[in-house]
Amino acid sequence: MTRFDGEMSPAFEIVEPAEWRAPVIFNSPHSGSTYPDEFLNASRIDLPTLRRSEDSFMDELIGHLSARGFATVRVNFPRSYVDVNREPYELDPRMFTGRLPSFANTRSMRVAGGLGTIPRVVGDGQEIYRDRILVDDALARIETLYKPYHRALRRLINKVHQRFGTVVLVDCHSMPSVGVSRDEPRRPDIVIGDRYGTSCTPLLPDRVEETMGGLGYSIGRNKPYAGGFITEHYGNPASGLHAVQLELNRAIYMDERRRERSPRFAQVATDFGVLADVLASTMPFGDLGPFQAAAE
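Attention now goes to the confidence of the model for the chain. Residue-level pLDDT values for the chain average 94, and 95% of them are 70 or greater. In the predicted structure, residues 1–5 sits below a pLDDT of 50 and forms 20 contacts with residues beyond four places in sequence or in another chain.

A few words on the pairing of strand β2 (residues 24–28). In terms of burial, β2 is a largely internal element, five of the five residues being buried. Residues Val24, Phe26 and Ser28 line one face of β2 and the alternating positions Ile25 and Asn27 line the opposite face, and both faces are buried. Here β2 runs beside strand β6 (residues 167–175); their pairing, made up of four bridges, is parallel. Looking across to β6, one finds that Val24 is bridged to Val168. Sheet topology places β2 next to strand β3 (residues 71–75); four bridges connect them, and they run parallel. What sits directly across from Asn27, in β3, is Val73.

Next up on the list: the packing of aromatic side chains. Evaluation of the coordinates by the stated rule reveals nine aromatic pairs. Centre to centre, the rings of Phe12 and Tyr149 are 5.9 Å apart; their planes meet at 80°, and the pair counts as edge-to-face. Here Phe12 is found in strand β1 (residues 12–15), whereas its partner Tyr149 is found in helix α5 (residues 135–164), with 137 residues between them in sequence. Seen in terms of ring centroids, Tyr253 and Phe265 are 6.2 Å apart; in terms of plane orientation they differ by 55°. Their pairing is tilted. Remark: Phe265 occurs in helix α8 (residues 265–282) and Tyr253 occurs in the loop between β9 (241–249) and β10 (254–255); sequence separation between them is twelve residues.

What follows is about the sheet that holds β1. Strand order in the open sheet formed by seven strands is β1-β3-β2-β6-β9-β7-β8, with mixed pairing between adjacent strands. Two strands in the sheet have a free side with no partner beyond their single neighbour: β1 and β8 (219–221). Averaged over all pairs of adjacent strands, the angle between strand axes in this sheet comes to 20°, irrespective of strand direction. Across the sheet, α8 is in contact with β2, β6 and β9; its angle to β9 comes to roughly 160°.

Across its twelve residues, helix α6 (residues 203–214) extends 16 Å between first and last C-alpha, which sits within 8% of the 16 Å expected from 1.5 Å per residue. For α6, the complete set of buried residues consists of Leu204, Pro205, Arg207, Val208, Thr211 and Met212. Down the axis, α6 shows its buried residues gathered within 160° of arc, on one side only. Residues of α6 that are exposed and angled more than 90 degrees away from the buried face: Glu210 and Gly214.

The subject of this paragraph is the environment of Pro93. Examined against the element boundaries, Pro93 turns out to sit in the loop between β3 and β4 (96–97). Overall, Pro93 belongs to the partly exposed group, its relative accessible area being 40%. In this structure Pro93 touches Leu100, Thr106 and Arg132, once residues within four positions along its chain are discounted.

This part is about the packing of α6 against α8. α8 packs onto α6 with a crossing angle of 135° between their chain directions and a minimal axis gap of 10 Å. Viewed along their axes, α6 and α8 adopt a mutual orientation that is oblique. Relative to α8, α6 is oriented so that their crossing is right-handed. Only Asp271, Val274, Leu275, Val278, Leu279 and Thr282 of α8 make contact with α6, whose side of the interface consists of Leu204, Arg207, Val208, Thr211 and Met212. Taken together, the residues of the contact of α6 with α8 break down into seven nonpolar, two polar and two charged.

Definitions and limits used
- Residues numbered from 1 in each chain as written.
- Predicted model: local features only at pLDDT ≥ 70, side-chain atom pairs only at ≥ 80, totals over all residues.
- Heavy atoms only, no water.
- pLDDT = per-residue confidence, 0-100.
- Contact = heavy atoms within 4.5 Å.
- Buried < 20%, exposed > 50% of the residue type's maximum accessible area, 1.4 Å probe, protein only.
- Helix = DSSP H or I, 4+ residues; strand = E, 2+ residues; numbered from the N terminus.
- Pairing = 2+ DSSP bridges.
- Phe/Tyr/Trp six-rings, centres within 6.5 Å; stacked < 30°, edge-to-face > 60°.
- Axes fitted to C-alpha atoms, helices over the stretch in contact; angles between N-to-C directions.
- Expected span 1.5 Å × (residues − 1).
- Arc of directions from axis to C-beta.
- Parallel < 35°, antiparallel > 145°, perpendicular 65-115°, else oblique.
- Left-handed = near helix turned anticlockwise from the far one by under 90°.
- Nonpolar A, V, L, I, M, F, W, Y, C, P; charged D, E, K, R; others polar.

Written out as structure tokens, the structure reads:
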């Protein structure tokens, strides 16, 4: 873990392969662990508590895939500072001093839960800030971090789409092994989210389930995670853009309490390589491009 000193550089990193094997991008938007000092000073909770919102080490689990012929994307700033897996202006007016822009979405379910673009709480519901923050500060985070990330991701997607005619975006996350509610059933090893069949061809989650299930992982679909803003926003199967979200149970690869890699970490990374190879060799990319309207 590092801290930004003075300037946030790099805020995110995109690594393209020397030779593309397939039009597949692996993205880790929530593994960032670089905490600005001004953010830490404004927080009412300590750093270990803030870090509970991280998808710790997910960027490392997929980082080696760029050497195997796939693009990888990682965000280095924490989601508790600004969350790129939200609409650009999902903002809670109770958090800020000053007037939010009229186009801000202040009524989404994510805002109500404290998990907007500028989160009010960390994953287990603890309030982040001691005092309200300036609207201008929040908008600056969106302008300098959120928007550049999405512009760069969109450019990468467009580049791959133009070259191959289709794109598969695998949005990689991790989830706590135990839910907040005691009534929630035991979480599987992996939850595949495709926005209930709307963000990608059905072949993609099916292939993920076949592959990872064959490697011994228990699999769930769309509950409790169907896919966030990135999956919904970039997934457009009719245009040849296919997005799927993977939520990996943290107990599989790390000690959640100590926030350390577990002995199984290397094997999980290897299994992500297997998944990438299977997608490259078995997905019918030539058939996944934009739907052609029938001739009159």
